[in-house]
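These are the residues of each chain, in order.
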Amino acid sequence: SQKIEQNSEALNIQEGKTATLTCNYTNYSPAYLQWYRQDPGRGPVFLLLIRENEKEKRKERLKVTFDTTLKQSLFHITASQPADSATYLCAPPRNNNNDMRFGAGTRLTVKP
Amino acid sequence: DAGVTQSPTHLIKTRGQQVTLRCSPKSGHDTVSWYQQALGQGPQFIFQYYEEEERQRGNFPDRFSGHQFPNYSSELNVNALLLGDSALYLCASSFWGVYSPLHFGNGTRLTVT
């Protein structure tokens, strides 16, 4: 069956450090993958999209990699800040028709 | 430019009842997807509507049905409510086709007692 696994339920890091979140998927062959941020009581907010022919994508302090051989995406936040504390969700499409499926998310806490 | 709006924000229903949730997509978007999110879990895909037709469906029973109107707004209907249907229901809009990011509303919190 298809599965999306994010490395851990919770990740705690110190301000200024780099946070690395992992997304592994099974029985998917996504042409792209998206990452979202969700704050408590709010809907997810789109952060980045990476296509299968892109190894790496950057946006300000965010970086995403996509390894279709390993079936894995890594999401990095450099120089992390307490305001980065949120749940981060990985989402590949199931049928490449923008029918995005979400992992359970990783709750990141950045401590001052 | 209004984003995705959902109504109501909160709802309490009794087992066996029926509920209708509503969604207005972001201006310009033509595709609406619905998700169910239980506490501590990621959003689970219910279905996707485009051109007033259901295009993709997740692993949800027929008690879950939807509709999309000519103005692209959408409704989610759930019949014969179960306690396990208690969740946050999220609506997301996008452009039809691949690579279009989803824009989410803040959801409707449904409690079934």
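Since we're looking at a predicted model, the values are computed, not measured.

Bringing the sheet that holds strand 7 (residues 62-67) of chain A into the picture now. All names here are of chain A. If you trace the five strands from one edge of the open sheet to the other, you get 1-3-8-7-6, paired in antiparallel fashion. With partners counted over all chains shown, the strands left at the sheet margins are strand 1 (3-6) and strand 6 (56-59), one partner each. For this sheet the average axis-to-axis angle between neighbouring strands, irrespective of direction, equals 15°. In this sheet, strand 3 (residues 19-26) lies alongside strand 1 in antiparallel orientation, the contact comprising four bridges. Residue Ile4 lies in a different strand from strand 3, and its bridge partner there is Tyr25.

What follows deals with the sheet that holds strand 3 (residues 19-24) of chain B. Strand pairing within a sheet occurs via backbone hydrogen bonds; the two strands may be parallel or antiparallel. Residue and element names in this part refer to chain B. Overall, antiparallel pairing links the four strands, which are arranged 1-3-8-7 in an open sheet. Edge strands, defined here as strands with exactly one partner in the open sheet, are strand 1 (5-7) and strand 7 (64-68). Put simply, the sheet's adjacent strands are angled 20° from each other on average, direction ignored. Across five bridges, strand 7 lies against strand 8 (residues 74-78) in antiparallel orientation. Residue pairing in the sheet places Phe64 in a bridge with Val78 of strand 8.

Reading guide: rules and limits
Residues numbered from 1 in each chain as written. Chains lettered and ligands numbered in written order. Predicted model: local features only at pLDDT ≥ 70, side-chain atom pairs only at ≥ 80, totals over all residues. Heavy atoms only, no water. Pairing = 2+ DSSP bridges. Helix = DSSP H or I, 4+ residues; strand = E, 2+ residues; numbered from the N terminus. Axes fitted to C-alpha atoms, helices over the stretch in contact; angles between N-to-C directions.

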